[in-house]
Amino acid sequence: MSTGPNDPCHCGSGKKYKKCHMRADMDGTPRVQAPQATVRRDPLILNETEREQMRAACRFNAQLMDQVREIIKPGITTQDIDDFVSQYTLSHGHTCATLGYRGYTRNCCTSINDIVCHGIPSDKVVLKEGDIVNVDLTTIVDGFFGDQSETFFVGEVSEAAVRLTQCSFDGMWDAIDALTPSCRVIEIGRAIKKRASRDGFSVVEVFQGHGIGRKFHQSPAIPHFPDRYHGTAVLRPGMCFTIEPMINEGTKNCWVSKEDGWTSFTSDGKLSAQFEHTILMTEAGPEVMTLTKHGPQKGHKFKSPANVA
C-alpha cells in the first residue's frame, strides 16, 4: 500500500509524509532513515566489567579489615588505627575514601561504645578493656568504592555488649537473606526491625545504607527500618548497595556533636553496635562482596574473650 500525503512518513520521523520524504521520493532521491534514538544505560546497573571492578575494590577493603582486626587491643589509640589504615592503603596504591570527604579529616571512622557512627580517630582516645569499637572502612580501588564496617571487642566485654553486637550482626544477615532479585528495599528494614524487636533493642533511623559504585553514596537509599517512602525502590540485578544496621541498647534517638559536626552519640548514653557489608544484587540473588577471610562469617556467635573455651 502506498503512503498517503497525510500519513506518517515511512522514515519514522513522526512527520506527515508530505512534510518529510514525499518530494524526495518523487524526485528519486534515496531514502534516508531517521536516526535511532539513543538508549541511555542506567548508571546504577553495573555491567560485568564493572562488577569485577567492584569485586576488586571490595576484596581489598575486606583484606584491610582483616589487617585491622590484628591490631585492636587495649592501649592503642583510635589514631593508631587510622594511621595503620592510611599506611596499608597507600602502600597498596589505593585511596582512603573518607579522607577529605565533605570535610572529614581522617582515613576511617572509629566509633566506641555509645558512639553510633562517624567517630573521628584521635590520639587522645585510647581503647580500654571492656570497650566495643566499630571500625568503618571505605577504599577507592581504580575508581570503585568498597565499603564495610565491623564491631570489635576490646578485651573482655559485658554480656550486654555481646548481645547487642550479636543483634547487629544477625540483623544484617537477616536482611541479606531476605533479598531476591528485583525485591523492594523495604524487605531489608523489615528483617532488621524484626530481629532488633525480638532481642529487645532499637534500630537507628536517622542513618541508613546507600547505593555505591563509582560514587561513595548514591541511590538507592537503604533504611534499616520499614520505611514506606524509600522502601518502594526496587533492587534490580546489577545494583550495588550497603546494608549497615546501627542497633542501640536503649533508645533509637541520637545526637551529633556540634564541636566536630560528625560524631553521633546515643541520646541515653547506652551502647551502639554496627556491621556493614557491600552487596551486589545479581540475577541469582545477593552477592556479599566484602566478606573477610578471618572475620565473623554468617551464623557466627559472639563471645567475650573471657568466656571463650
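Here, residues in each chain are numbered from 1, in the same order as that chain's written sequence. Per-residue local features are limited, in this predicted model, to residues with pLDDT of at least 70; the limit for side-chain atom pairs, both in listing and counting, is 80 or more; totals at the level of whole chains, interfaces and linings are taken over all residues. As a rule here, side-chain values cover all heavy atoms of the structure and leave hydrogens and water aside.

Another point: the sheet that holds strand β7 (residues 202-203). Pairing between two strands requires that DSSP report at least two bridges joining them. Elements are defined by DSSP. Helices are runs of H or I of four residues or more, strands are runs of E of two residues or more, and each kind is numbered from the N terminus. Spatially, 3 strands are ordered β7-β12-β15 in an open sheet, and the strand pairing comes out antiparallel. Of all the strands in the sheet, the pair left with one neighbour each is β7 and β15 (272-274). Pairing between strand β12 (residues 246-248) and β15: 3 bridges, direction antiparallel. The residue of β15 that forms the bridge with M246 is Q274. When checking whether two residues touch, look at their non-hydrogen atoms; a contact exists if any pair is within 4.5 Å. Between N-to-C directions, angles span 0 to 180 degrees; the directions come from axes that are lines fitted to C-alpha atoms, helices contributing only their stretch in contact. Each of β12 and β15 touches helix α4 (residues 159-177); the most contacted strand, β15, lies at about 35 degrees to it.

So, on to the sheet that holds strand β14 (residues 264-266). Strands pair in a sheet through their backbones, by hydrogen bonds, and they do so in one of two ways: parallel or antiparallel. The strand order β3-β14-β13 describes an open sheet built from 3 strands, whose pairing is antiparallel. Edge positions in the sheet fall to β3 (115-117) and β13 (254-256), since each of these pairs with one other strand and no more. Here the average twist between neighbouring strands, direction ignored, is 40 degrees. Strand direction decides the pairing type here: β3 and β14, joined by 2 bridges, are antiparallel.

Our next topic: empty space enclosed by the protein. In this analysis the probe radius is 1.4 Å and the grid spacing 1 Å, with only protein atoms considered; a cavity is a set of points the probe fits into but cannot get out of, a pocket is an open set with protein on both sides within 12 Å along at least five of seven lines, and lining residues have an atom within 4 Å of a point. Grid points are joined across faces, edges and corners, and a volume is the space filled by probe spheres set on the points. Applying the stated criterion to the full structure yields 1 cavity of 30 Å³ or more. Volume-wise, the largest cavity comes out at about 90 Å³. Lining the largest cavity we find Q148, S149, E150, F169, M172, F275, E276, H277, L291, T292, P296 and Q297. Taken together, the elements giving at least two residues each to the lining of the largest cavity come down to β5 (144-153) and α4. It is β5 that contributes the most residues to the lining of the largest cavity, 3 residues altogether. Partitioned by chemical class, the residues of the lining of the largest cavity number 5 nonpolar, 5 polar and 2 charged. Following the grouping adopted for this structure description, the nonpolar residues are Ala, Val, Leu, Ile, Met, Phe, Trp, Tyr, Cys and Pro, the charged ones are Asp, Glu, Lys and Arg, and the polar ones are all others, Gly among them.

Now for the packing of helix α2 (residues 48-69) against helix α3 (residues 78-91). The axes of two packed helices give the description: the angle between them and the distance between them. The geometry of α2 relative to α3 is characterised by a closest axis approach of 11 Å and an angle of 140 degrees between their N-to-C directions. As the angle between them shows, α2 and α3 are arranged oblique. Relative to α3, the crossing made by α2 is right-handed. In this structure, α2 uses F60, Q63, L64, Q67 and V68 to contact α3, whose residues at the interface are I81, F84, V85, Y88 and T89. Counted by class, the contact of α2 with α3 contains 7 nonpolar, 3 polar and no charged residues. The cut-offs work like this: below 35 degrees is roughly parallel, past 145 is roughly antiparallel, 65 to 115 is roughly perpendicular, and the gaps in between are oblique. It is the rotation of the near helix from the far one that decides the hand of a crossing: anticlockwise by less than a right angle makes it left-handed, clockwise makes it right-handed.

Among the nonpolar cores identified, the biggest contains 35 residues, and L179, I188, L235, F241, I243 and I247 are the most heavily contacted of them. Of all elements in the fold, only α4, α5 (186-199), β11 (240-243) and β16 (277-282) reach the threshold of two or more residues within this core. Here this core gets 9 residues from one element, more than from any other, and that element is α4. Residues belong to a common nonpolar core when they are buried Ala, Val, Leu, Ile, Met, Phe, Trp, Tyr or Cys residues joined through side-chain atoms within 4.5 Å. Relative accessibility thresholds used throughout: buried, under 20% of the residue-type maximum; exposed, over 50%; partly exposed, between the two (1.4 Å probe, protein chains only). L46, V85, A97 and V135 belong to the second largest nonpolar core, which has 31 residues in total.

Bringing unusual backbone geometry into the picture now. Residues S219 and P220 are joined by a peptide bond in cis, for which omega reads 0 degrees. Assignment of secondary structure puts P220 in strand β9 (residues 218-222). Located in the positive-phi region is R102, a residue other than glycine, with phi close to 50 degrees. Position of R102 relative to the elements: it lies in the loop between β1 (95-96) and β2 (109-112). Take R102: its relative accessible area is 68%, and that puts it in the exposed class. Look at N113: it is not a glycine, yet its phi comes out positive at around 55 degrees. Within the secondary structure, N113 sits in the loop between β2 and β3. By relative accessible area, which is 16% here, N113 ends up buried.

Given two aromatic rings, their pairing is described by the distance between the two centres and the angle made by the two planes. Aromatic rings from Phe, Tyr and Trp, with only the six-membered ring used for Trp, were paired whenever their centres fell within 6.5 Å, and each pair was classed as stacked if the ring planes differed by under 30 degrees, edge-to-face if by over 60, and tilted otherwise. Tallied over the full model, the rule gives 10 aromatic pairs. On the basis of an interplanar angle of 55 degrees and a centroid distance of 4.9 Å, the ring pair of Y101 and F216 is categorised as tilted. Of this pair, Y101 sits in the loop between β1 and β2 while F216 sits in the loop between β8 (209-211) and β9, placing them 115 residues apart in sequence. Since its relative accessible area comes to 9%, F216 is described here as buried. With 5.2 Å between their ring centres and 80 degrees between their planes, F169 and F302 make a pair best called edge-to-face. Here F302 lies in the segment after β17 (285-288) and F169 lies in helix α4, a separation of 133 residues in the sequence. Grouped by ring-pair contacts, the aromatic residues F153, F169, F275 and F302 constitute a single cluster.

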